[in-house]
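# Structural features, examined
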Amino acid sequence: MGSSEVSIIPGLQKEEKVAVERRRLHVLKALKKLHIEADEAPVVAVLGSGGGLRAHIACLGVLSEMKEQGLLDAVTYLAGVSGSTWAISSLYTNDGDMEALEADLRHRFSRQEWDLAKSLQKTIQAARSENYSLTDFWAYMVISKQTRELPESHLSNMKKPVEEGTLPYPIFAAIDNDLQPSWQEAKAQETWFEFTPHHAGFPALGAYVSITHFGSKFKKGRLVRTHPERDLSFLRGLWGSALGNAEVNRNYIFDQLRNLLTLRDVWRRTVANAKYIGRRIFAPLLRLQQSLQRERPVLEDEGGEPNYNWLTEMLENWTRTSLEKQEQPDEDPESKGSFSDFLDFVRKTGICASKWEWGTTHNFLYKHGGIRDKTMSSRRHLHLVDAGLAINTPFPLVLPPTREVHLILSFDFSAGDPFETIRATTDYCRRHKIPFPHVEEAKLDLWSKAPASCYILKGETGPVVMHFPLFNTDACGDDIEAWSDTYDTFKLADTYTLDVVRPLLALAKMNVRENKKKILREMRNAAM
């Protein structure tokens, strides 16, 4: 268990300092194997961008090839946004064994299987929490289907290899959605939130809580109610909650709710006492519709009025089915959720969807006297979402001088402009006087029309940035658009077979392999 107090300390947290120091010894050994002599280990950070399942698979390819080439052992930090966080977290759940990780990937995508019943059970359990939001639904019902896995381990389980220095220190990015107006107006640094095996918090404030107490209730800096540590499945949903735009996500969630009411076999496996379920659910659904109409939903139709068509359609579809077909036998009620739990889950999901409420968790800074900004200490809850809604790669988390990063390897898995993250980071750094290589807009425009596989960006001060577009002319020739279409961000997980996964994995590996000499050269320069 971690500390039960909120930590407000400028600079690195003690546990991270110790882990990074131990990592230095491993980095020096790795550099020697790469024929790079160094008295002090340079700090190299590898960043993975967002991009849904495409980023997940491509990031696995990058990590695998970096391991194969001896490069990953010379890295101090691994940081990711959205889909890349799924790959990075998998590295640690497999103890850094890339062969096992690739074998697991092949196994997952060689079959069209997804344990809907288990995912539904996890979602119903999550709905019992006072802080249930669409993130829970998204994590267990969407991301688990995308990745075809439902990890139950925790971030704190990653401590051992990190503290021993055998694996890089991982950082997983999110943003505080309540601060989006501040981000849009001034790119406020406080918007960014980070997770590590030791802590979760706001790096700009130096305000953290132990990862084992993330989600627990705090007041005035003290723990007042403990909640279990959230599992990796939930965190992956939080980190990867921007796979599509709001309308795409909204429609998918409502479709899932509608579909659940027709999957009678799943009900038998997850809901106890499911006899005559059709007769028993219609009235509660009507109450759900009425309760939603009492809410003030964010989602409106084109005329500015609240739109409940989805629920009306759900009720109409339900009544079209005969009562005889809706009735279900009661089988194996033990270890299942109660029928009222199921209804509560449907009701809560509908209300959260009408409000568009994501990432709800207790604010550990609530009424904390050490925080001057009342915006941060007056809220009872935080709403944490995918950092890709701000910048689609975690530059802001590795650029603070306290982390002393010398070289950044930025792997961009975007389907669109691979330099949008560079543009956004340049703007962010300019506003906050953070050293970052400046590139003329005209040059970025030119590069984006026919991107190469690697760009080396250098400024007068600050880290050197190596930027690697996934889809590039070196690997894809004139077929970049075809590659982008094949691996579109909104591509359904069901269409990802091994025949689709293998080329993407190979492409990501080739981008590392073909640029190994450049990476070694910059590592050598950083070690001088």
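Computed from a prediction, not measured in an experiment: that's the story for all the values here.

In a structure, side chains of opposite charge can pair up when their charged atoms sit close to one another. By the definition in use, this model includes 30 salt bridges. A salt bridge links Glu-65 to Arg-513; the shortest N-O distance between them is 3.5 Å. With Glu-65 in helix α2 (residues 52-68) and Arg-513 in helix α22 (residues 498-513), this residue pair connects regions lying 448 residues apart in the sequence. Judged by its relative accessible area of 38%, Arg-513 falls in the partly exposed class. Note that Arg-108 and Glu-149 form a salt bridge whose closest N and O atoms lie 3.5 Å from each other. Here Arg-108 is found in helix α4 (residues 98-109), whereas its partner Glu-149 is found in the loop between α6 (134-147) and α7 (159-164), with 41 residues between them in sequence. Accessibility assignment for this pair places Arg-108 and Glu-149 in one class, buried. Several salt bridges converge on common partners, so that one network encompasses Asp-104, Arg-108, Glu-149 and Arg-236.

What follows deals with the pairing of strand β7 (residues 207-210). Taking every second residue as pointing to the same face, both faces of β7 are buried, with Ala-207 and Val-209 on one and Tyr-208 and Ser-210 on the other. Both strand β6 (residues 199-202) and β7 contribute to a ladder of four bridges, which runs antiparallel. Note that in β7 the partner of Phe-202 across the bridge is Ala-207.

Following the criterion strictly, the structure yields 23 aromatic pairs and no others. Here Trp-138 and Trp-358 contribute two aromatic rings whose centre-to-centre distance is 5.5 Å and whose plane-to-plane angle is 70°, an arrangement assigned as edge-to-face. On the criterion of sequence distance, the pair formed by Trp-138 in helix α6 and Trp-358 in the loop between α15 (339-355) and β10 (360-362) is long-range, its members being 220 residues apart. Seen in terms of ring centroids, Phe-395 and Phe-436 are 5.2 Å apart; in terms of plane orientation they differ by 80°. Their pairing is edge-to-face. Remark: Phe-436 occurs in the loop between α18 (420-432) and α19 (441-449) and Phe-395 occurs in helix α17 (residues 395-398); sequence separation between them is 41 residues. Its relative accessible area of 12% is what places Phe-436 among the buried residues. Here the aromatic cluster, defined as three or more aromatic residues joined through ring pairs, consists of Phe-172, Phe-193, Phe-195, Phe-202, Phe-214, Trp-239 and Phe-364. Directly above the ring of Phe-234 sits Arg-230, whose terminal nitrogen or CZ lies 3.6 Å from the centroid.

Here we come to the confidence of the model for the protein. In the predicted model, the protein carries a mean pLDDT of 86, and 80% of its residues have values of at least 70. A low-confidence stretch, residues 295-308 stays under pLDDT 50, and its non-local contacts, those more than four residues away or across chains, total 22 contacts. Per-residue pLDDT stays below 50 along residues 310-335; that stretch engages in 55 contacts with residues further than four places along the chain or on separate chains.

Phi angles above zero are rare outside glycine, and Asp-95 is one such case at about 55°. The topology assignment puts Asp-95 in the loop between α3 (83-93) and α4. If you check the backbone angles, Lys-367 has positive phi at about 55° while not being a glycine. Along the chain, Lys-367 falls in the loop between β10 and α16 (374-377). Lys-367 gets classed as partly exposed once you look at its relative accessible area, which sits at 43%.

Moving on, we come to the packing of α6 against helix α9 (residues 232-239). Viewed as axis vectors pointing N to C, α6 and α9 meet at an angle of 95°, and their least axial separation amounts to 8 Å. The angle between α6 and α9 falls in the class roughly perpendicular. On the side of α6, the interface is formed by Thr-135, Asp-136, Trp-138, Ala-139, Tyr-140, Ile-143 and Thr-147, while α9 contributes Ser-233, Phe-234, Arg-236, Gly-237 and Leu-238. Along the lines of polarity and charge, the residues of the contact of α6 with α9 split into six nonpolar, four polar and two charged.

Side chains that are nonpolar tend, in soluble globular proteins, to be buried together. By size, the foremost hydrophobic cluster in this structure holds 144 residues, and its most contacted members are Met-66, Phe-193, Phe-195, Phe-364 and Leu-409. Setting aside residues no more than four positions away along its own chain, Phe-195 makes contact with Leu-155, Pro-170, Ile-171, Phe-172, Ala-174, Ala-200, Ile-211, Phe-214, Leu-235, Leu-238, Trp-239 and Leu-384.

Basis of the calculations
Residues numbered from 1 in each chain as written. Predicted model: local features only at pLDDT ≥ 70, side-chain atom pairs only at ≥ 80, totals over all residues. Heavy atoms only, no water. Salt bridge = Lys/Arg side-chain N within 4 Å of Asp/Glu carboxyl O. Helix = DSSP H or I, 4+ residues; strand = E, 2+ residues; numbered from the N terminus. Buried < 20%, exposed > 50% of the residue type's maximum accessible area, 1.4 Å probe, protein only. Pairing = 2+ DSSP bridges. Phe/Tyr/Trp six-rings, centres within 6.5 Å; stacked < 30°, edge-to-face > 60°. Lys NZ or Arg CZ within 6 Å of the ring centre and 35° of its normal. pLDDT = per-residue confidence, 0-100. Contact = heavy atoms within 4.5 Å. Axes fitted to C-alpha atoms, helices over the stretch in contact; angles between N-to-C directions. Parallel < 35°, antiparallel > 145°, perpendicular 65-115°, else oblique. Nonpolar A, V, L, I, M, F, W, Y, C, P; charged D, E, K, R; others polar. Core = buried A, V, L, I, M, F, W, Y, C linked by side-chain atoms within 4.5 Å.

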